[in-house]
Amino acid sequence: MARSDRLLRLLQAMRVLPAPLTAKRLAEETGVSLRSLYRDIDSLRAAGARIEGERGYGYRLVEDFALPPQTLTRAEIEALVLGLAEVRGMGDPALANAAVSALAKIAATLPDEAEQQAMHAVSHVFRPQARAPLAIDLEKLREAAWRERAVAVRYTDQNGAETERVIWPLAIVYTERTLSVLAWCCLRQDFRIFRGDRMTSAEVTPESFRPRRVALLRDYLAQLEGRLRD
């Protein structure tokens, strides 16, 4: 691993993990020896990072030179914390990890008092019931939507009938208990909503539908809004 990448990985570990962090814990997280870890901390300090602590006592990142300072009101901080907490409860592991990482980066750019507000926010999310489990790799499906690649899915409808079809994934929508995929169904030649927990498999194909995703999604959302108004 290049040294610059290692230093960025160390910074991210200090943003995300609860402080104070022992040198041993940081060395394990970044995959280096204790000697290299101490040198890396010295390098970060020399570059402008405020890192409190010393050998034997643990370390805490106080000010992060790699991120610009942010000025947010208390209400804005509460909104961010609440929104990211909601993302963590969506049952999507990739987005949950991203939410933790994003909050750590935001908190690292705040003044001390505002950082405390972010880490000990008043607003919380409580979900007594977990979302319906998924049998598919949601990250693969999300990547297919970004790259505008068709996906071959096996799907079980509400009556228990299983079908195989090719879809163009347009968006992933998170509802209270489930998530759904807004898509163009190549079999029906029309827009369809597929519940994620009813997909038993989803494989990305070489077929591309670029650059139609944004236009199709705009048309589908307009169609759905029209139905709500009628």
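Use the structure listed above.
Residues numbered from 1 in each chain as written. Predicted model: local features only at pLDDT ≥ 70, side-chain atom pairs only at ≥ 80, totals over all residues. Heavy atoms only, no water.

## Focus on the side chain of Q12
Move 1: Within the secondary structure layout, Q12 lies in helix 1 (residues 3-16).
Move 2: When neighbours within four sequence positions are excluded, Q12 is seen to be in contact with S101 and K105. (Helix = DSSP H or I, 4+ residues; strand = E, 2+ residues; numbered from the N terminus. Contact = heavy atoms within 4.5 Å.)

## Focus: helix 6 (residues 112-119)
Move 1: Turning to helix 6, its buried residues number three or more, namely A114, E115, Q117 and A118. Angular distribution of buried residues about the axis of helix 6 spans 155°; they occupy a single face of the element. (Buried < 20%, exposed > 50% of the residue type's maximum accessible area, 1.4 Å probe, protein only. Arc of directions from axis to C-beta.)

## Some remarks on the nonpolar core
Move 1: By size, the foremost hydrophobic cluster in this structure holds 19 residues, and its most contacted members are M14, L26, L37, I51 and Y59.
Move 2: Contributing elements (two or more residues each) for this core: helix 1, helix 2 (23-30), helix 3 (34-47) and strand 2 (58-63).
Move 3: Considering every element that reaches this core, the biggest residue donor is helix 1, with five residues.
Move 4: Setting aside chain neighbours within four positions, we find L26 in contact with L10, A13, M14, L21, L37, I41 and Y59. (Core = buried A, V, L, I, M, F, W, Y, C linked by side-chain atoms within 4.5 Å.)

## Details of the packing of helix 1 against helix 2
When two helices pack together, their arrangement is given by the angle between their axes and by how far apart the axes lie.
Move 1: It is the contact of helix 1 with helix 2, at a shortest axis distance of 10 Å, that shows an interaxial angle of 125°. On the basis of the axis angle, helix 1 is oblique to helix 2. Like other packed secondary-structure pairs, helix 1 and helix 2 cross with a definite hand, here right-handed. Together, R9, L10, A13 and M14 of helix 1 and L26, E29 and T30 of helix 2 make up the contact between the two elements.
Move 2: Residue composition of the contact of helix 1 with helix 2, by class: four nonpolar, one polar and two charged. (Axes fitted to C-alpha atoms, helices over the stretch in contact; angles between N-to-C directions. Parallel < 35°, antiparallel > 145°, perpendicular 65-115°, else oblique. Left-handed = near helix turned anticlockwise from the far one by under 90°. Nonpolar A, V, L, I, M, F, W, Y, C, P; charged D, E, K, R; others polar.)

## Looking at the packing of helix 1 against helix 5 (residues 93-108)
Move 1: Look at helix 1 against helix 5: their axes get within 8 Å of each other, and the N-to-C directions meet at 90°. Relative to helix 5, the element helix 1 lies roughly perpendicular. The segment helix 1 lies against helix 5, with Q12, R15 and V16 engaging V100, S101, A104, K105 and A108.
Move 2: In terms of residue class, the contact of helix 1 with helix 5 is built from four nonpolar, two polar and two charged.

## Some thoughts on the packing of aromatic side chains
Move 1: Taken as a whole and judged by the stated rule, the model has four aromatic pairs.
Move 2: Relative to F194, the ring of Y155 lies with its centre 5.1 Å away and its plane at 90°, an arrangement referred to as edge-to-face. Of this pair, Y155 sits in strand 3 (residues 149-156) while F194 sits in strand 6 (residues 190-195), and the two are 39 residues apart along the sequence. With respect to burial, Y155 and F194 carry one shared label: buried.
Move 3: Ring centres 5.2 Å apart and planes at 85° place the aromatic pair W184 and F191 in the edge-to-face group. Assigned by exposure class, W184 and F191 land together as buried.
Move 4: The rings of W184, F191 and Y220 are connected pair by pair, giving a single aromatic cluster. (Phe/Tyr/Trp six-rings, centres within 6.5 Å; stacked < 30°, edge-to-face > 60°.)

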